[in-house]
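Okay, here's what each chain looks like letter by letter:
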Amino acid sequence: TWELVEELRLGTREGGGADGFGRLKGLAVTRDGRIAVFDDTPQEVRVFGPEGAHLATFGGKGRGPGEFLLGFGLMIDDEDVLWVPDWSNARMTTLDPDTGLLETYPFTMLLMGFVWTGVMTEDGLIHKPSVTREEPRRRVMRVYDRRMVQTDSFFLPEWPASDRGPPPAAFYWEAQDGSRSGYQPIPFYPQDIEVGDRSGARWSRAMGDPSYRIKRWLPGGDTTLVIETLRPPVPVPAAARDSAIDAVRERLRERGGANQDWSRVPEVWPAVQQIFPTREGGVWVQTASPDSLRGYDVYDETGAYSGTVSTSLNVFAWVPPTIRGDRIWAVVTDDLDVPY
């Protein structure tokens, strides 16, 4: 077992400076160790040196060249060019980390999400999960060249369908007068996890599967690797489960759907919490932990287990960390949810 040793931290609770972050939605690291982040609140890209000195800020809210209206992520290519997808401006903007704006390409997205889920592959293509334009909608992987021209597409596996009863991952609710309805996610339920790596492969854990089993597969192709580990399940503390049920019950009471089958709330954590591909083609797998420490199993590109990393840091999993060798750059949050 290894332990993460913190070398550098950027961020402050007070705000006001370049390291006063609002809501980080992107993180990228250049070959020489400069750190770029995308802050959703001011719609800015900020670049810091390897030792933490602020070097440059680009962007800001707007429709003009180099500005962002609803940017929501950050990519970096092998030439250290930064790529920022902008939903509302329907474009992809590229930036030099030293000088700023390079090019802007029209780019209309059919599927947004909280953060950008596209991947820049080692052959210079961009893989972006999406959906088909026609009904019924199907999941698809769209492939773009460096000018954001679509060059290919592949169908992706569909999520499990529920023909009868509520969907397995959510409670269905309906107002008493029938005026509205919706779904409320079930706490601790194994939601699907699917991420891409630089080779163009996908890593995933199946929805509804609480076991430790992940696979690597090619869009439109076959499964190339399965990693499975047999471990005792980690129970969800009874107090935490009861508290989560109470919170969901209160939300649904306001909407008219407080009467649910609460036995559907799992009593064990999903064994696989998150999957983070590495620069070299391997993967870090965040595991369920019975204590406050987080654990990450480390596998190389062949699937061989290398060891386990532990940390007390609260890594913000929505923004994928950058992992190179034995170093990790990650967005973390404190007890007040301030990002660093």
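So, here is what we can say about the structure in this document. Per chain, residue numbering runs from 1 following the sequence as it is written. Owing to the predicted nature of the model, reporting of local features is limited to residues with pLDDT of at least 70; listing and counting of side-chain atom pairs is limited to 80 or more, with chain, interface and lining totals taken over all residues. Note that the side-chain values use all heavy atoms of the structure and ignore hydrogens as well as water.

## Some details on the overall build of the chain
Next, step 1: Runs of H or I in DSSP of at least four residues are treated as helices and runs of E of at least two as strands, each being numbered from the N terminus. The secondary structure content of the chain amounts to one helix and 25 strands.
Next, step 2: Each principal axis of the C-alpha atoms in the chain carries an extent, and together these give about 55 × 50 × 50 Å.
Next, step 3: To sort residues, take the accessible area from a 1.4 Å probe on protein chains only and compare it with the maximum for the residue type: under 20% means buried, over 50% means exposed, and anything in between is partly exposed. Classification of the 340 residues of the chain by burial places 46% in the buried group.
Next, step 4: We call two residues in contact whenever any of their non-hydrogen atoms come within 4.5 Å of each other. Of all intrachain contacts in the chain linking residues separated by at least 6 positions in sequence, the fraction that spans at least 24 positions is 42%.

## Side note on the sheet that holds strand β19 (residues 223–229)
Next, step 1: As summarised here, the arrangement of the four strands in space is β16-β17-β18-β19, forming an open sheet in which the pairing is antiparallel. Because the sheet does not close on itself, it has two edges, and the strands there are β16 (193–196) and β19. Neighbour to neighbour, the strand axes of the sheet diverge by 15° on average, direction disregarded. Here a strand pair is declared whenever DSSP counts at least two bridges between the two strands. Note on method: axes are straight lines fitted to C-alpha atoms, helices fitted across the in-contact stretch only, with angles between N-to-C directions ranging 0 to 180 degrees.

## A look at the sheet that holds strand β20 (residues 272–277)
Next, step 1: Judged by pairing direction, the sheet is mixed, and its five strands sit side by side in the order β1-β23-β22-β21-β20 without closing on themselves. With partners counted over all chains shown, the strands left at the sheet margins are β1 (2–3) and β20, one partner each.

## Notes on unusual backbone geometry
Next, step 1: The amide bond that connects Glu135 to the next residue, Pro136, takes the cis arrangement and shows omega of -5°.
Next, step 2: Structurally, Pro136 is set in the loop between β11 (126–131) and β12 (139–144).
Next, step 3: Even without glycine at this site, Met148 takes up a positive phi of about 60°.
Next, step 4: Despite not being glycine, Asp337 has its phi angle at roughly 65°, a positive value.
Next, step 5: You can see Asp337 is positioned in the segment after β25 (327–329).
Next, step 6: Asp337 gets classed as exposed once you look at its relative accessible area, which sits at 60%.

## Notes on the pattern of salt bridges
Next, step 1: Salt bridges are defined as contacts in which a side-chain nitrogen from Lys or Arg sits within 4 Å of a carboxyl oxygen from Asp or Glu. Tallied over the entire structure, the rule returns 22 salt bridges.
Next, step 2: For the salt bridge of Arg13 with Asp335, the shortest nitrogen-to-oxygen distance reads 2.6 Å. In this pair, Arg13 sits in the loop between β1 and β2 (24–29) while Asp335 sits in the segment after β25, placing the two residues 322 residues apart along the sequence.
Next, step 3: A residue is classified by how much of its surface remains accessible, and Arg13, at 45% relative accessible area, is partly exposed.
Next, step 4: In this structure, Glu158 engages Arg138 in a salt bridge whose closest nitrogen and oxygen atoms are separated by 3.8 Å. Linking Glu158 in the loop between β13 (150–155) and β14 (170–174) with Arg138 in the loop between β11 and β12, this pair joins segments that are 20 residues apart in sequence.

## Thoughts on the pairing of β20
Next, step 1: Two elements, β20 and strand β21 (residues 283–287), share five bridges in a ladder whose sense is antiparallel. Bridging from a neighbouring strand, Val272 pairs with Thr287 of β21.
Next, step 2: Connecting the antiparallel pair β20 and β21 is a turn made up of five residues, with Gly281 showing a positive phi of about 105°.

## As for the side chain of Arg202
Next, step 1: Within the secondary structure, Arg202 is located in strand β17 (residues 202–205).
Next, step 2: Residue Arg202 is classed as buried on the basis of its relative accessible area of 3%.
Next, step 3: Among the polar contacts made by the side chain of Arg202, one reaches the side chain of Glu194 at a distance of 3.2 Å.
Next, step 4: In this structure, Arg202 is in contact with Pro129, Met141, Glu194, Val195, Gly196, Lys215, Arg216, Trp217 and Pro219, ignoring residues within four places of it in sequence. In protein, a polar contact means a hydrogen-donor-capable atom and an acceptor-capable atom, both N or O and within 3.5 Å, with residues adjacent in sequence counting only if both atoms are side-chain atoms; elsewhere, any N or O pair within 3.5 Å suffices.

## With respect to the side chain of Ser130
Next, step 1: If you trace the backbone, Ser130 turns up in strand β11.
Next, step 2: According to the relative accessible area criterion, Ser130 is buried, its value standing at 6%.
Next, step 3: Among all residues touching Ser130, those that are not within four sequence positions of it are Leu110, Leu111, Arg138, Arg139, Val140 and Arg142.

## Side note on the packing of aromatic side chains
Next, step 1: Whether two aromatic rings pair depends on their centres lying within 6.5 Å, for rings of Phe, Tyr and Trp, where Trp uses its six-membered ring; planes under 30 degrees apart make the pair stacked, over 60 edge-to-face, and the rest tilted. Under the criterion given, the structure shown has 13 aromatic pairs.
Next, step 2: Seen in terms of ring centroids, Phe38 and Phe68 are 5.7 Å apart; in terms of plane orientation they differ by 75°. Their pairing is edge-to-face. Taken as a pair, Phe38 in strand β3 (residues 35–39) and Phe68 in the loop between β5 (54–59) and β6 (75–76) lie far apart in primary sequence, 30 residues in all. For the residue pair Phe38 and Phe68, the accessibility class agrees, reading buried in each case.
Next, step 3: Ring plane angle 80° and centroid distance 5.1 Å describe the contact between Phe188 and Trp269, whose orientation is recorded as edge-to-face. One end of the pair, Phe188, is in the loop between β15 (181–185) and β16; the other, Trp269, is in the loop between α1 (238–255) and β20, with 81 residues separating them in the sequence.
Next, step 4: On the accessibility criterion, Phe188 (16% relative accessible area) is buried.
Next, step 5: In this structure Trp269 comes out as partly exposed when scored by relative accessible area, which is 27%.
Next, step 6: Ring-pair connections join several aromatic residues into one group, and the members of that group are Phe72, Phe107, Trp116 and Tyr144.
Next, step 7: Here, a charge over a ring is recorded when the distance from Lys NZ or Arg CZ to the ring centre is within 6 Å and its angle to the ring normal is within 35 degrees. Stacked on the ring of Tyr340, the Lys or Arg Arg9 has its end atom at 4.9 Å from the ring centre.
Next, step 8: The ring of Phe114 carries the charged tip of Lys25 above its face, separated from the ring centre by 4.2 Å.

Purely geometric stuff here, so don't read any function into it on its own.
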